[in-house]
Amino acid sequence: MDRRDYALQRQLDSIRANPSAATNNPYLMSIARRGGLNVQSLVADQQAKNAGFANASDQMQNRILRNQLEEKAARLGISNQEAYAKAGGDLTNTQALQNAWNQLTGPSAAQKAPAQQAAQPLYGKQYSYTDPGDKGYFGMKDYQELAAQGASRADMIRYAFSAPKGVGPKVAEQLGIRAYDAPIPSSLSYTDPGDTGFFGMKDFEELSRQGATLQQIKDYAGKAKYGVGGEAASILGMRAATEGDITRARGDKLAADLKNEDIQREKAATLQRAVSAANMARAGQTPNLQIQPASGTPRTAGTQSFRRFRGGPAGAILSGISSVLNI
């Protein structure tokens, strides 16, 4: 091995030991390509090991088994903790989860899918999916394989979120979800769109288009007062709202509507009482608009007889005229 090959091998070993350091370093990425290393796969494996798994594939299988256990527990009427107890409580031990699944379902249900088929999400419609392209990533080849079988957008999202190494940027933009290399948002705006108290596809859309991770969306869905809608539950791997949840929501809405009607009636009655009181107050203050005589003039309306004056100024005037005529 010459000196250049030796230097290349040292750099490749360094990248294998710490692949995250190469993701934002163009020089190291070029070295990795020269050496045939898939840095993204190495990062996914490293993250899985940090979480206690053997590798990214083991983490994906573990996630599927956990979803299966939770679904089976819901159907059997037991808690998730009881189901996990059968695995010894170690949720990172994939084999222990497999044994717990076998205990709950029997040997026939624990049979693995055919070797040529990639692991599929438990919930919703299943398709022939072989994980084409880069293994562990959900990219355009994966999208096209499912689209050719008539998969809906919700189905695509289920498969995309099940990919242990994340979703390619083009597909993420197409589906409106977070790409594997997108920054994780520190805060999200959530307005509970759609039916209040339920977490449905409108809620999912609002969060996913902000780049929320699967876990962040699950956290919001888990707080929904009445549960998660069927399609959203299928994507998130959560229990869907039952008929009882829907009935409870309807009852609460009816009670709220009746209470609101009572409040509106009381407001209307209060307003009517205020208007009536104001009208009565104005009636007592109405001015008399009739033309009134002077205070010293008798109010006889023209019925009083005329008075005759005896003597006085008129007699004096007439007397004067008479004296002039007598000259």
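The paragraphs below set out a description of the structure included in this document. Treat the numbers as computed from the prediction; the structure is a model and nothing was measured. (Residues numbered from 1 in each chain as written. Predicted model: local features only at pLDDT ≥ 70, side-chain atom pairs only at ≥ 80, totals over all residues. Heavy atoms only, no water.)

Helix and strand counts for the protein chain stand at 14 helices and two strands. In the protein chain, buried positions account for 33% of the 327 residues. Partitioning the contacts of the protein chain with sequence separation of at least 6, the portion at a separation of at least 24 is 49%. Summing over all exposed atoms, the protein chain offers an accessible surface of approximately 21100 Å²; the carbon and sulfur share of this is 53%. (Helix = DSSP H or I, 4+ residues; strand = E, 2+ residues; numbered from the N terminus. Buried < 20%, exposed > 50% of the residue type's maximum accessible area, 1.4 Å probe, protein only. Contact = heavy atoms within 4.5 Å. Areas by Shrake-Rupley, 256 points an atom, 1.4 Å probe, with all protein chains shown as cover.)

Counting residues in each nonpolar core, the largest one holds 35 residues, and the members touching the most others are F138, L175, F199 and F204. Counting residues per element, this core draws most heavily on helix 8 (residues 153-162), at six residues. In contact with F138, other than residues within four places in its own chain, are Y129, Y143, L146, M156, Y159, A160, A163, G166, V167, G168, V171 and L175. Residues I31, A32, L37 and V43 belong to the second largest nonpolar core, which totals nine residues. (Core = buried A, V, L, I, M, F, W, Y, C linked by side-chain atoms within 4.5 Å.)

Next up on the list: the layout of surface pockets. Estimates place the volume of the largest pocket at around 1500 Å³. Only helix 3 (39-50), helix 4 (56-76), helix 5 (80-85), helix 8 and helix 11 (214-222) provide two or more residues apiece to the lining of the largest pocket. For the lining of the largest pocket, the leading source of residues is helix 4, giving eight residues. Considered class by class, the residues forming the lining of the largest pocket number 24 nonpolar, 15 polar and nine charged. (1 Å grid on protein atoms, 1.4 Å probe; cavity = no way out; pocket = protein on both sides within 12 Å on 5 of 7 lines; lining within 4 Å. Points joined across faces, edges and corners; volume = space filled by probe spheres on them. Nonpolar A, V, L, I, M, F, W, Y, C, P; charged D, E, K, R; others polar.)

Let us now look at the packing of aromatic side chains. Here the structure, examined in full by the defined rule, presents seven aromatic pairs. Considering the side-chain rings of Y129 and Y159, the 5.2 Å spacing of their centres and the 70 degrees angle between planes classify their relative orientation as edge-to-face. Of this pair, Y129 sits in the loop between helix 6 (94-105) and helix 7 (140-147) while Y159 is found in helix 8, placing the two residues 30 residues apart along the sequence. Residue classification places Y159 among the buried residues on the basis of a relative accessible area of 2%. Between F161 and F204, the ring centres sit 6.1 Å apart and the planes meet at 80 degrees, which makes this aromatic pair edge-to-face. Here F161, found in helix 8, pairs with F204, found in helix 10 (residues 201-208); they are 43 residues apart in sequence, far enough to count as distant. The buried category is assigned to F161, whose relative accessible area is 11%. F204 sits in the buried class, given a relative accessible area of 0%. Among the aromatic residues, those joined into a ring-pair cluster are Y129, F138 and Y159. Over the ring of Y220 we find K223; its NZ or CZ atom is 5.8 Å from the centre of that ring. (Phe/Tyr/Trp six-rings, centres within 6.5 Å; stacked < 30°, edge-to-face > 60°. Lys NZ or Arg CZ within 6 Å of the ring centre and 35° of its normal.)

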